[in-house]
Amino acid sequence: MSLHTQPSYVDVAIVGAGLSGIGAAHRIRTEHPEREVAILESRERMGGTWDLFRYPGVRSDSDMYTLGYAFRPWTGEKTLADGESILQYIHDTAAETGVDQLIQYSSRVVRADFDTVRSLWDLTIEDTATGQQRAMTAAFLYSCAGYYDYDQPHDPEFAGAADFTGQVVHPQFWPEDLDHGNKKVVVIGSGATAVTLVPSLLEGERPAAHVTMLQRTPTWISSVPTIDKNAARLKAVLPDGLADKAIRAKNIGFMMTTYQFCQRFPGTASKLLAGNVAKFVGEQQAADHFTPPYDPWDQRLCAVPGGDLFKAITSGGAEVVTDHIDRFVPEGILLASGEVLEADVIVTATGLKLLAFGGIEPHVDGERVDLSEQYVWNGAMMTGVPNFAVCIGYTNASWTLRADLTHRLVVKVLGWMDRRGHTAVAPAAEGDLEAQPLLDLAAGYVQRSIDSFPKQGHRRPWQVVQNYLLDSLLTLRTDLDATLAPVPAAQPAVTSAA
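All of the points below concern the structure found in this document. (Residues numbered from 1 in each chain as written. Predicted model: local features only at pLDDT ≥ 70, side-chain atom pairs only at ≥ 80, totals over all residues. Heavy atoms only, no water.)

1. Points about the packing of helix α6 (residues 229-237) against helix α7 (residues 240-264)
Part 1 of the argument: Two elements in contact, α6 and α7, have axes whose closest approach is 9 Å; the angle formed by their N-to-C orientations is 155°. Here α6 lies roughly antiparallel to α7, going by the angle between them. Considering how the two elements wind past one another, α6 and α7 form a crossing that is right-handed. Seen from α6, the contacting residues are Asn-230, Ala-231, Leu-234 and Lys-235; seen from α7, they are Ala-243, Ala-246, Ile-247 and Lys-250.
Part 2 of the argument: Classifying every residue of the contact of α6 with α7 by side-chain character gives five nonpolar, one polar and two charged. (Axes fitted to C-alpha atoms, helices over the stretch in contact; angles between N-to-C directions. Helix = DSSP H or I, 4+ residues; strand = E, 2+ residues; numbered from the N terminus. Parallel < 35°, antiparallel > 145°, perpendicular 65-115°, else oblique. Left-handed = near helix turned anticlockwise from the far one by under 90°. Contact = heavy atoms within 4.5 Å. Nonpolar A, V, L, I, M, F, W, Y, C, P; charged D, E, K, R; others polar.)

2. Considering the sheet that holds strand β13 (residues 325-329)
Part 1 of the argument: Ordered by their spatial adjacency, three strands build an open sheet running β13-β14-β15, and the pairing between neighbours is antiparallel. Looking at the sheet topology across the chains shown, the edges are occupied by β13 and β15 (340-342). Across this sheet, the average inter-strand angle for adjacent strands is 25°, counted without regard to direction.
Part 2 of the argument: For strand β14 (residues 332-335) and β15, the ladder comprises three bridges, and the chain directions are antiparallel. What sits directly across from Gly-332, in β15, is Glu-342. (Pairing = 2+ DSSP bridges.)

3. So, unusual backbone geometry
Part 1 of the argument: Going from Arg-460 to Pro-461, the amide bond is cis rather than trans, its omega being 0°.
Part 2 of the argument: Position of Pro-461 relative to the elements: it lies in the loop between β24 (455-456) and α13 (468-474).
Part 3 of the argument: One non-glycine residue, Ser-119, lies in the positive phi region at around 55°.
Part 4 of the argument: With respect to the helices and strands, Ser-119 occurs in the loop between β4 (107-115) and β5 (120-127).

See the structure below:
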C-alpha cells in the first residue's frame, strides 16, 4: 500500500503480516466486510517468522495440516514443510483473499494510547526505512506480532569470544554469503533450530566437513514421518474438502492424545521417546545425549522428519556433545571437561527473547499500562486495556490452531459490540483469581522474561487451556455479557477557583 493511500482511521488495526496477521485479516474481513482493516508490518515484506529466518533447513516444527489455515488447507506433501514453502503459502493466501492489499509495510507501531473519551486508539507509526512518523486512529487494536523479539535474539556473552579466529553467526541473522563448505561447524544449542541446522549443514553442493551439536542439557526429540501416508490415503478416497477436514481432525487428535499421555504418564512417555532415539543411534547415545532431566512436554518437544538428525550422527558427519562451555579459544571452544572443540564456524542457536505484543506498550488516557499486573481473558483480551486483543498460540500444538480461535473470538466480540452499542469494552477480572504465568513452560527463554507479561488465572475464561478440543468447544461460547464490560470515559480533573 502506497503512502498516499494509507488511511488515517481504520476500524481494526492488525499488527504483524505473518501467518497470524494474514489469518486475522481474512477472518475479520469475511465476517465484517464493512469494516476498514489495516495490517501494520514493521518489515518490508510479509511472512513474519517465515520471511525473517533464512538459516539452512528452516522448517516448521508442527505438521502443516494444522499449522496451515482451516479456510485454505495445506496441499503440500511434506508433514514438516520448509520455510520457503510456508512463506509461499502465506503469500498465496494473502493474494487469493485480497488481504495483501491491506498491508502497510515499514510501519512500526511505536506508541499506542487509547482515549476513553473518543473510544479510539491513537497510534504513532514510524516508517522503519526513513524514521518519519505518522498518526493513525483505530477503533480496535489487534496484536498478531507473536511474543518473540525479532530484532534481538537471546545471545549470551561467552568468555573469550574475541579470541576466536573463526566466524560466529546467529541463526536469526544468517549471512547470505556464509560459506560453511568443508568447514568444521559447532552449533551451540539443542532446540528446534539446532536440530534442524545440524543435518542441513551437511547437505547441498558444499556440505560442512563436520558438524557438532554442543548442548548443555538434552532435549526430548522424536522422529516423525517426512510424508503423512495416512493423509495420502484419505486424500485418495475422500473428496478434497472432506479429506482436508479428516486429516486435520486426525492430526489434532494425535497431538492432543500425545500431549495428554506425556502429562499423565511421563515415565512411560520418556521410555518410549528414548527407545525411539535408540533405534537410530543406540542405547548409549540415547542415554547420554537424548534423555533430558525433565519430563516430556515440560519443554516443547522437538520433531525431526525421517530422523534426519540421527542419520547425520550415525553417518559420522555429525556428533552431539553434552558439556558446559568454559570459554571460546582461538581454535574453537574450550569445554568444562577440558576438551577443545575445533571450529571454523560457531553457530549460536541459543534461542529467542520474549517480547510482549511486538514491543507495543499500551497506554490508556496517557498512562502506561503495567502488563505484569493484568490478566488475559480467553487467551485474547486483557484487563485494563480497552478494545485490544493479542494472538497467542499454543505451546503444545500448532500455533495456528489457537490463533484461529482467537481471530474468531475477536470477530464475535466486534459483532457483540455493534449489537450492544458499546464503543469500548475490556474484560473485568474477578477478585479471587490465582495468578499463573501466561506461558506454562520450563524453557529458559520463557523463564527469563515471563514476569513482564500479563498473567493468566486458574480457571476459565482466564486460563489459557492447552487443549484445542476443549478450547474449540468453550471459547466461542463464552458469555460476553457476563465477562466483558463497557469502559467509561475518563473524567476531567476538577480544579477549584482560588
